[in-house]
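# An overview of the molecular structure
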Amino acid sequence: MSQSENLSGAGPVLVPILGDQLTRGLASLAGRAKDDTVVLLMEVWDEATYVKHHQQKIALIFSAMRHFAAELEQDGWTVDYTRLTDPDNAGSFTGEVARAVERHDPREIDIVEAGEWRVQQAIEEWPDKFVCPVTIHPDDRFLCSIGEFRDWAEGRKTLQMEYFYREMRRKTGILMAGDQPEGGQWNYDYDNRGKPDKNLNPPPAPKFAPDAVTSEVMGLVAERFGDHFGKLDNFAWPVTRAQAEQARAAFLTERLPDFGTYQDAMVHGSDDLYHSLLSTSINLGLLDPVETCKLAEEEYYAGRAPINAVEGFIRQIIGWREYIRGMYWLEMPGLREANALEAVRPLPEFYWTGETDMRCMADCVRSTRDHAHAHHIQRLMVLGNFALIAGIRPQEVEDWFLVVYADAYEWVELPNVAAMALWADKGRLATKPYAASGNYINSMSDYCGKCVYSPAKKSGDGACPFGPLYWNFLIRNRPLLERNNRVSRVYSNWDRMDETKREEYLASAEKILAGLVPASEGWARG
Ligand SMILES: Cc1cc2nc3c(=O)[nH]c(=O)nc-3n(C[C@H](O)[C@H](O)[C@H](O)COP(=O)(O)OP(=O)(O)OC[C@H]3O[C@@H](n4cnc5c(N)ncnc54)[C@H](O)[C@@H]3O)c2cc1C
Ligand code: SF4
């Protein structure tokens, strides 16, 4: 990692910390002497604009960075913080590190590997760009390192999350009774399919009113990024570790007990239900994922939350989150180009405007625009599902998901979108496409009752668009999917269907697809 050490500077060690590395115990800080270290945090134009992130997402990251810098300073660290508005700001991480090298003449640069491929590529060029040695530490905030995941994946025919997850349970000892899973089962997903009930009354997640720092950042965002997607004025995300801990405590005591049962439910106008809303804090580094799981585990052992809820929540974090990150590094850079189903249709405009008669879609886009958030099933079974069955080009869908969510970083967004929602990796991650008709949405939500469409009507005017598009998707991709034994049964259903009905389905689908208005230029990039 080093280059001619005798040319390196005589100054302190320079520790650049990226915007999603806001963790006190970061590997590049651990064991460092405060009087021999300059911590560098950088607001840079390239990162804020490589896609046109939701306004709340930029405000969240800059505010959390500014708070983190202030906390480090209070703790006695020397912090060099470059603001977006600094007249000499170079606009990129590499450019800002180069300027910091001139200012501090460091004898070494220490950084933790980046979450995203694009940024990591840039960092890996630093040893050739800078005269001082550069050390790149593995990101030990993940339970499973990139190398360990690679070893796990090697030689396996299928890379099912479930088996990976069991290893993470064994590794952490979380919800384990000796070498057996607590309660006798690894996975309680079967109990987690509760339908929305009109009496559901989830306690709202805490909201954090902007303080002076956040308000100043919001002003900057409104001025510089006011043309980006999303509302800014109802910003309420935790921006410090203390706030994130408060949000976590409220979740664990108030919503975790019902998290499992209603994990897949969707209710019009109710954006979070029993979900934790902790992804932004975990992804920024404000909360430690394993610590969060151990606190959830305590709720189970104290008898305050049932096993299906606690196991379900823990599985999302040490199972899905770790697995998704492992898959990202295993599949990059090819994953970004993957398009196994050869989907080429442009993204419809209503993904940005929410202007559609499909009540489920309009509600999910509203939540996304207003809060930079939608929960997992809204992302997967409404927004992702529509893109899948309508054959939208994966790269346009990926850009959309990367732009619109406050928790979106490519390492977690891309595998979820390309592989889980769109099956663009030909099933490396998901054994079958998550394609569904309106019947699924109807059974798991209260959307359909007041929709102008009806899932009971299968084709023609007033039919729920998800139905004809679902069949059109299956028929379009029959050569690829028919041999998949998790899908083959639906082809038998199709073949048994009356021919007129089949023709009606396909004619309806063609009409719906022809009516999709492509998004105008400039929403995601440029
Ligand atoms: C198409 C699609 C796109 C997604 N894009 C993102 C994204 O950009 N960023 C992101 O953090 N998550 C993404 N997810 C995963 C998941 O939807 C969000 O993590 C979750 O909705 C965040 O809300 P929450 O904190 O209330 O989660 P909860 O439902 O309370 O779950 C608890 C935690 O588990 C983790 N988690 C759950 N599911 C996943 C998953 N599939 N992958 C990774 N972590 C998971 C998160 O850290 C989350 O905070 C995506 C899922 C889909 C289907
Ligand atoms: S009827 Fe179809 S479009 Fe309308 S809310 Fe239900 S699933 Fe969505």
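Right, let's walk through the structure included here. The numbers attached to residues start from 1 for each chain and follow its sequence in the written order. Here chains are named by letter from A upward and ligands by number from 1 upward, in the order in which they appear as written. Local features in this predicted model are restricted to residues whose pLDDT is 70 or higher, and side-chain atom pairs enter the listing and the counts only when it is 80 or higher, whereas totals over whole chains, interfaces and linings include all residues. Hydrogens and water molecules were not included; the side-chain quantities draw on all heavy atoms of the structure.

## Considerations on the state of the cysteines
Rules: Disulfide: a pair of cysteine sulfur atoms within 2.5 Å of each other. Burial status follows relative accessibility: with a 1.4 Å probe on protein chains alone, a residue under 20% of its type maximum counts as buried, one over 50% as exposed, and anything between as partly exposed.
Under the counting rule described, the total for this entry stands at zero disulfides. Looking at C364, it has no disulfide partner, and the nearest cysteine sulfur is the one in C360, 6.5 Å off. Among the residues examined, C364 registers a relative accessible area of 0% and is labelled buried.

## Let's talk about empty space enclosed by the protein
Just so we agree on the cut-off: Detection works on a 1 Å grid of protein atoms alone, calling trapped sets that fit a 1.4 Å probe cavities and calling open sets with protein on both sides within 12 Å along at least five of seven lines pockets, with lining residues defined by an atom within 4 Å of a point. Grid points are joined across faces, edges and corners, and a volume is the space filled by probe spheres set on the points. The helix and strand labels rest on DSSP assignments: H or I over at least four residues marks a helix, E over at least two residues marks a strand, and numbering proceeds from the N terminus. Any residue outside Ala, Val, Leu, Ile, Met, Phe, Trp, Tyr, Cys, Pro, Asp, Glu, Lys and Arg is labelled polar, Gly included; the first ten of those are nonpolar and the last four are charged.
Applying the stated rule across the entire model yields four cavities of 30 Å³ or more. In this model, the largest cavity occupies a volume close to 350 Å³. Taken together, 23 residues form the lining of the largest cavity, with G19, E47, I61, F93 and Y409 sitting closest to its centre. For the lining of the largest cavity, the elements supplying multiple residues, two or more each, are α1 (45–49), α2 (55–74) and α4 (117–124). In terms of residue count, the dominant contributor to the lining of the largest cavity is α2 (five residues). Among the residues forming the lining of the largest cavity, the class breakdown is 14 nonpolar, three polar and six charged. Empty space within the second largest cavity amounts to approximately 140 Å³. Broken down by class, the residue content of the lining of the second largest cavity amounts to six nonpolar, five polar and six charged.

## Points about the site of ligand 1
Rules: Nearness is judged by heavy atoms alone; a residue qualifies as near a molecule or strand once a single heavy atom is within 4 Å of it. Here a polar contact means two N or O atoms within 3.5 Å. Within protein one must be a hydrogen donor candidate and the other an acceptor candidate, and residues neighboring in sequence count only if both atoms are side-chain atoms. Shrake-Rupley sampling with a 1.4 Å probe provides the accessible areas, and residues are treated as covered by the protein chains on show and by no other component.
Around ligand 1 there are 27 residues in total, and H275, S276, L277, N283 and D407 lie nearest to it. The separation between an oxygen atom of ligand 1 and a polar side-chain atom of S276 is 2.7 Å. Within the side chain of N283, an N or O atom sits 2.9 Å from an oxygen atom of ligand 1. With the chains in place, 99% of the 810 Å² that ligand 1 exposes on its own is no longer accessible. Element by element, the count of residues in the shell around ligand 1 is highest for helix α17 (residues 410–421), at six residues. Here the residues of the shell around ligand 1 are counted per class, giving 14 nonpolar, nine polar and four charged.

## Thoughts on the site of ligand 2
Neighbouring ligand 2 are the residues M358, R359, C360, G438, I441, Y447, C448, C451, Y453, P455 and C464. Breaking the shell around ligand 2 down by element, the ones donating at least two residues are α14 (359–371) and α18 (438–444). Considered class by class, the residues forming the shell around ligand 2 number nine nonpolar, one polar and one charged.

## Considerations on the sheet that holds strand β4 (residues 106–112)
Worth spelling out the cut-off: Strands were regarded as paired on the criterion that DSSP finds at least two bridges between them. Only the stretch in contact is used when fitting a helix axis, every axis being a line fitted to C-alpha atoms; angles between N-to-C directions are given from 0 to 180 degrees.
Strand order across the open sheet formed by five strands is β3-β2-β1-β4-β5, with parallel pairing between neighbours. The sheet is open, and its two borders are formed by β3 (78–82) and β5 (134–137), each paired with just one other strand. Recorded for the sheet is a direction-independent mean angle of 25° between the axes of neighbouring strands. In the sheet, strand β1 (residues 11–17) pairs with β4 via three bridges, with the strands oriented parallel. Counted as the bridge partner of V13 is E108 from β4.

## Let's talk about the packing of aromatic side chains
This is how it is decided: When two rings of Phe, Tyr or Trp (its six-membered ring) have centres within 6.5 Å they constitute a pair, described as stacked for plane angles under 30 degrees, edge-to-face for angles over 60, and tilted for the intermediate range. Remark: a charge is flagged as sitting over a ring if the NZ atom of Lys or the CZ atom of Arg is within 6 Å of the ring centre and within 35 degrees of the ring normal.
Under the defined criterion, the tally for this structure stands at 32 aromatic pairs. Ring centres of F229 and W523 lie 6.4 Å apart, and the angle between their planes is 75°; on these two criteria the pair is classed as edge-to-face. In this pair, F229 is assigned in the loop between α8 (212–225) and α9 (241–259) and W523 in the segment after α22 (499–514), connecting sequence segments 294 residues apart. Judged by its relative accessible area of 3%, F229 falls in the buried class. Aromatic side chains F251 and F259 sit 6.0 Å apart centroid to centroid with 90° between the ring planes, which places their arrangement in the edge-to-face category. Each member of the pair F251 and F259 is classed as buried. Taken together, the aromatic side chains of F229, F350, Y351, W352, F386, W400, F401, Y405, F466 and W523 make up a single cluster linked through ring pairs. One cation-aromatic arrangement involves K57 over Y409; the distance from NZ or CZ to the ring centre is 5.9 Å. The cationic tip of R325 hangs over the ring face of F142; the distance from NZ or CZ to the ring centre is 4.0 Å.

## Describing the packing of α14 against helix α15 (residues 376–390)
Counted only if it meets this: Here is the rule for handedness: rotate from the far helix to the near one, and if that takes an anticlockwise turn smaller than a right angle the crossing is left-handed, while a clockwise turn gives right-handed. Every residue pair with non-hydrogen atoms within 4.5 Å of one another is taken to be in contact.
Interaxial distance between α14 and α15 falls to 10 Å at its minimum, and their mutual angle equals 115°. Between α14 and α15 the crossing geometry is left-handed. Every residue of α15 that contacts α14 at C360, M361, D363, C364, V365 and T368 is listed here: Q378, V382, L383 and F386. Split into classes, the residues belonging to the contact of α14 with α15 amount to seven nonpolar, two polar and one charged.

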